[in-house]
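# Chains, contacts and geometry: an overview
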There are 2 protein chains.
Amino acid sequence: MTGDLLIRSVRPWPNVPGTPPVDVLCEDGRVAAFGADVDPPPGVAVVDGRGGVLLPAFTDAHAHLDSTRLGLPFRPHSADEGLAGLIDNDRRHWRSAEASVAERATHTLGRTIASGATHVRSHAQVDVDSGLEKLEGVLAAREAHAGRAHVEVVAFPQCGILREKGTAELLDAALRAGADLVGGLDPAGYDRDPVRHLDVVFGLAEKHQRGVDVHLHDAGTLGAFQVELICERVSALGMRGKVTISHAFALSGVDDSRRTELVELLAEHDVAVTTVAPGVREPLPLRQLRWAGVRLGLGQDGIRDYWSPYGNGDMLDRTWQLAYRNGFRRDELVEMCVDIATRGGAAVMGKALGLTEGSPAELVVVPGDTVTAAVMDRAPRTVVVHEGRVVAAGGEVV
Amino acid sequence: MTGDLLIRSVRPWPNVPGTPPVDVLCEDGRVAAFGADVDPPPGVAVVDGRGGVLLPAFTDAHAHLDSTRLGLPFRPHSADEGLAGLIDNDRRHWRSAEASVAERATHTLGRTIASGATHVRSHAQVDVDSGLEKLEGVLAAREAHAGRAHVEVVAFPQCGILREKGTAELLDAALRAGADLVGGLDPAGYDRDPVRHLDVVFGLAEKHQRGVDVHLHDAGTLGAFQVELICERVSALGMRGKVTISHAFALSGVDDSRRTELVELLAEHDVAVTTVAPGVREPLPLRQLRWAGVRLGLGQDGIRDYWSPYGNGDMLDRTWQLAYRNGFRRDELVEMCVDIATRGGAAVMGKALGLTEGSPAELVVVPGDTVTAAVMDRAPRTVVVHEGRVVAAGGEVV
């Protein structure tokens, strides 16, 4: 019976405005058929979509589940300015949180799934202070929600690699302990040696045959140089399709011709990009990236943690944020944001989602007159489906 | 019994974290006393604040109640690019809305009040196509919610004054028909003659002894020049404290020294500023404006209308948007946004709100651990009080 489900009364994107609802039959974890008044095969579960908009499930392509405090008493922000201040603030406080990393990550992953995301890529901080504790917490959260979402974990050197002796060895251990990818952080701007930093990251990726996801806040020509360094390593190691650059502020901090060069470089090396729709930094050139064929996903970043009070575990809220921050009013542009938040992020994780027969039954039903209305309303999700099974309904995990 | 009320169990800002809840007694529409376990005088209504954060009520200092479609079937965005495209799109469609201007404005004003706003300044489009119909609709909405909120209405020449003959006469008629202020719109960039445009606006203001609220999207040096023109007229006509510049993008499109000059000019002439926390345009220098003593308010702008799909009638959501868009993480900066959205906007409308004994009983109770947490959570408002009476509770108008 695994992955067999009949969803009654949904309006599959893009055929939303004015079309009558249909039923969707899922078999063996895939979309098998769309139709009116489908008879469920014997023993197949049936769930009511209540006429909502049917979308591919969301993908949170950039989370930090290890640091979240969502659901705990609110804590005033106490960090000094800058990345170093934020790193130090987390280090001073995370051990005294009212709940363990595993408990906190499990709660927020649950909220994320309830919001409609069935694919999540979370970073887990690996450093000489926390060792593998945070990684283990995120892996425990993944285990707690096994069957509800596909979760990738990045061994993330949040405090740099070269600045603190022993970090490279910890990253190595993290990859042996179950991390799916190896991360990096501002090889120049924070770790002060872009070549050595990236050599460690890509060396570990090659050794363990894993993917790479590098946080790159460095903007302008310094960031652009590091995009080149990353692409050089992708080429040398044959890692097309295995590497992601998160934030990628370099793409918005250079002139038009340089930006076009960088976008073409990313496309040529099939390096993916993720954004978290930040409030202040200039938005990424979303349309240009997509036209060039760059895989582009959306993430929640830190969620109410020692870094920031923002974030609530809701990927539809984050999708609204992406649209608002880009000033998109036209429906096709708001829908592009939905595509980035669903199929786009899944592609970053190497998965092809869709809404045709044969697509994986990774689905979310959202109340709303149209897709854009659903984004503006941000009502609790009616149904969330992972591998053909209902994993959340009415805004709560089941 | 008018305006007498006991609010049980609230935590007045700023003494929120860790402080036990208190009761607040309102008498004759003013805050009379704070205390523990206050006995209500005989016959005084009692409402439970459930331990929430007590704030001054919100002020929506820049609304367009005449154009809203909130609550109606969602309509795909159909405007061409630019201000002219948006104006034309509205003109082609507003008459065929499923409900009258009065009905639409009444619904959205109700949502705004339910969100905690008891002061609202709404623009009402006055032009040769709609005449005074939109103004009358907004005045009807004000009447429908009389006793729930104080509403000012601006006779707003959304299509320019000089571009269409007869608009100045219509503005004159609008002021006779009940509009509280006279508006203006991009005197140079849209109406093509800043001096003549402003002379009409300030001429009408002087004739009717009313305030002025000018939409100024023009940025950079062109916008800065018009800020000067406005201040010259404020000075010549003795209108300190009676004029507002909405959007004021000129403040963010000039260099630091010019911006400082403009901020000082606004302060010197007591010209207020409102922002709607737009997603794309550079944020205003909020701290600089406040340090200089410029009255600064927050508004919702158009709310799901022919101009834009954004907006939901919730001033706390808009407050979150202001904080997010400015990248504010520290609690005092998020709280500054709350101050702009509450006392700031009220000051734009000439009202002094506060949370001390003697303050007007214009109050909202919001669930949340702290003020910042309340902004991040954006939970339905527990209680909204106007003139000492409960006007909304649990997120609904009563």
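On a predicted model such as this, the values are computed, not experimentally measured, just so you know. (Residues numbered from 1 in each chain as written. Chains lettered and ligands numbered in written order. Predicted model: local features only at pLDDT ≥ 70, side-chain atom pairs only at ≥ 80, totals over all residues. Heavy atoms only, no water.)

### Let's talk about the pairing of strand 10 (residues 243–246) of chain A
Residue and element names in this part refer to chain A. Neither face of strand 10 is exposed, since Val243 and Ile245 on one face and Thr244 and Ser246 on the opposite face are all buried. Relative to strand 10, strand 9 (residues 211–215) is paired through 4 bridges, and the arrangement is parallel. Across the sheet, residue Val212 finds its bridge partner in strand 10, namely Val243. Assessed by its sense of winding, the connection that carries the chain from strand 9 through helix 6 (residues 220–237) to strand 10 is right-handed. Here strand 10 runs beside strand 11 (residues 272–275); their pairing, made up of 3 bridges, is parallel. Paired with Thr244 across the two strands is Ala272, which belongs to strand 11. (Buried < 20%, exposed > 50% of the residue type's maximum accessible area, 1.4 Å probe, protein only. Helix = DSSP H or I, 4+ residues; strand = E, 2+ residues; numbered from the N terminus. Pairing = 2+ DSSP bridges. Right-handed = clockwise from strand over helix to strand, strands pointing away.)

### Observations regarding the environment of Asp180 of chain A
Residue and element names in this part refer to chain A. With respect to the secondary-structure elements, Asp180 resides in the loop between helix 4 (167–176) and strand 8 (181–185). Under the relative-accessibility criterion, Asp180 is labelled partly exposed at 28%. For the pair formed by Asp180 and Gly211, sequence separation is 31 residues and the distance between their alpha carbons is 7.2 Å.

### What about the domain arrangement of chain A?
It is common to give the size of an interface as the accessible area that goes away when the parts come together. Residue and element names in this part refer to chain A. Considered domain by domain, chain A is made up of domain 1 (5–56 + 354–397) and domain 2 (58–348). One C-alpha centre belongs to domain 1, the other to domain 2, and the line joining them spans 29 Å. Facing the 25 residues of domain 1 at the interface are 25 residues of domain 2. For the pair domain 1 and domain 2, the interface holds 3 salt bridges. Remark: the boundary between domain 1 and domain 2 carries 8 residue pairs in polar contact (both at pLDDT 80 or more). Listing elements by their share of the side of domain 1 that touches domain 2, those giving two or more residues are strand 4 (45–56), strand 13 (363–366), helix 11 (371–377), strand 14 (383–386), strand 15 (389–393) and strand 16 (396–397). Of all the elements, helix 11 adds the most residues to the side of domain 1 that touches domain 2, at 5 residues. (Domains from an automatic or database assignment. Contact = heavy atoms within 4.5 Å. Salt bridge = Lys/Arg side-chain N within 4 Å of Asp/Glu carboxyl O. Polar contact = N/O pair within 3.5 Å; in protein donor to acceptor, adjacent residues only side chain to side chain.)

### Quick notes on the UniProt feature "domain: Amidohydrolase" (unreviewed entry) in chain A
The UniProt record annotates "domain: Amidohydrolase" (unreviewed entry) at residues 46–391 of chain A. Taken end to end, residues 46–391 of chain A has its terminal C-alpha atoms 13 Å apart, with 39% of it in helix and 19% in strand. (UniProt positions renumbered as here; feature names shortened; annotations may be inferred.)

### A short note on the pairing of strand 6 (residues 117–125) of chain A
All names here are of chain A. Of all 9 residues that make up strand 6, 9 are buried, and the element is covered over most of its length. As judged from the 4 bridges shared by strand 5 (residues 58–63) and strand 6, these two strands associate in the parallel manner. Considered in strand 6, the bridge of Phe58 is made with Ala117. Pairing geometry for strand 6 and strand 7 (residues 150–156), over 7 bridges, is parallel. Looking at the pairing, Val120 lines up with Val151 of strand 7. Assessed by its sense of winding, the connection that carries the chain from strand 6 through helix 3 (residues 133–144) to strand 7 is right-handed.

### Topic: the interface of chain A and chain B
Contact residues are listed per partner, giving 39 residues for chain A and 39 residues for chain B. Contact between chain A and chain B buries roughly 3100 Å² in total, counting both sides, with carbon and sulfur atoms accounting for 53%. Contact with chain B buries surface across chain A, with Tyr310, Tyr324 and Arg329 of chain A losing the most and accounting together for 26% of the total. One can count 4 salt bridges joining chain A with chain B. Arg304 of chain B is the partner of Asp377 of chain A in a salt bridge, and the nearest nitrogen-oxygen pair spans 2.4 Å. Counting across the interface, chain A meets chain B through 20 residue pairs in polar contact (both at pLDDT 80 or more). Those elements that provide at least two residues to the side of chain A that touches chain B are helix 9 (315–325), helix 10 (331–348) and helix 11 of chain A. A breakdown of the residues in the side of chain A that touches chain B according to their chemical character gives 19 nonpolar, 10 polar and 10 charged. (Buried area = accessible area lost by both parts, 1.4 Å probe. Nonpolar A, V, L, I, M, F, W, Y, C, P; charged D, E, K, R; others polar.)

### Some remarks on the nonpolar core
Counting 202 residues, the largest nonpolar core has Ile7 and Leu266 of chain A together with Ile7 and Leu266 of chain B as the members making the most contacts within it. With near-sequence residues (within four places) excluded, Leu266 of chain A lies in contact with Val227, Cys231, Ile245, Leu251, Val271, Val273, Leu289 and Val294 of chain A. (Core = buried A, V, L, I, M, F, W, Y, C linked by side-chain atoms within 4.5 Å.)

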